[in-house]
Amino acid sequence: IRTRQRHVPHLDLCGLVLIDGVVLLRLLCHGHEEGAEAAVRPGALVRPIHGADGVLEVSVKDNGIGCKNDLEISNGQITVSAPNNILKGNNSVTVTGGKLVLSGGEDAIKSDEEIKEGKGYILISEDAVIDITCSDDALQAPKSVTVEATARLTVSCGNLVNCPGVYNIADGTVTMK
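Definitions and limits used
Residues numbered from 1 in each chain as written. Predicted model: local features only at pLDDT ≥ 70, side-chain atom pairs only at ≥ 80, totals over all residues. Heavy atoms only, no water. Pairing = 2+ DSSP bridges. Helix = DSSP H or I, 4+ residues; strand = E, 2+ residues; numbered from the N terminus. Buried < 20%, exposed > 50% of the residue type's maximum accessible area, 1.4 Å probe, protein only. Polar contact = N/O pair within 3.5 Å; in protein donor to acceptor, adjacent residues only side chain to side chain. Contact = heavy atoms within 4.5 Å.

Q: Help me understand the pairing of strand E14 (residues 121-125) in this model?
A: A regular strand places its side chains on the two faces of the sheet in alternate fashion. Here 5 bridges tie strand E11 (residues 92-96) to E14, and the two strands are oriented parallel to one another. Pairing of threonine 96 across the sheet is with serine 125, part of E14. In the sheet, E14 pairs with strand E17 (residues 144-147) via 4 bridges, with the strands oriented parallel. Counterpart to tyrosine 121 in the pairing with E17 is serine 144.

The following block contains the structure:
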């Protein structure tokens, strides 16, 4: 893996970030419709870490990784620094496994969908380890937020959860720093 920085403008519906032929990040954007995309925001600097397959750093000047539909992140080591939303799936966000470091944003993990049935949620499961530093909400979704017992979050934020719907955070999964 070369350590020079690369620009990755966007990913297709089911996309892989490939740098020098190595898969660094798998993003799934479900619910195919016109204009649907998963994106590492235009102008994002994507930098692989030398000698570490599956490790990715993303640094941007606006929003971090976003998707117009369902955003799913599974496995790998991902560091995202962004001043606004760090991870956002308009319909939902699911993190299954992997190690994420999310920093700098107003909201760390966010979903906006309030109307569509079965959407508007955040699910963190399957041994996901997430370190969050943000100024406002660590987890924001209108319908539900679930952090399963196998996940681990270390958080420094204004509010842990902003969810007018239902939220379920398993005991022992969150450590405030």
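Q: Hey, could you run me through unusual backbone geometry in this one?
A: Backbone geometry follows two general trends: most residues other than glycine have a negative phi, and most peptide bonds adopt the trans configuration. A positive phi angle is found at glutamate 126, which is not glycine, with a value near 50°. Mapped onto the secondary structure, glutamate 126 falls in the loop between E14 and strand E15 (129-133). Taking relative accessible area as the criterion, glutamate 126 reaches 52% and is therefore assigned exposed. In this model, aspartate 127 sits at a positive phi of 65°, which is unusual for a non-glycine residue.

Q: What's the story with the side chain of threonine 173 in this structure? I'm lost.
A: With respect to the helices and strands, the residue threonine 173 is situated in the loop between strand E20 (166-169) and strand E21 (174-176). Overall, the relative accessible area of 1% leaves threonine 173 in the buried class. A polar contact of 2.7 Å, which involves the side chain of threonine 173, links it to the backbone oxygen of alanine 170. When residues no more than four places from it in sequence are discounted, the contact partners of threonine 173 are Val147, Glu148, Ala149, Ala151, Arg152 and Leu153.

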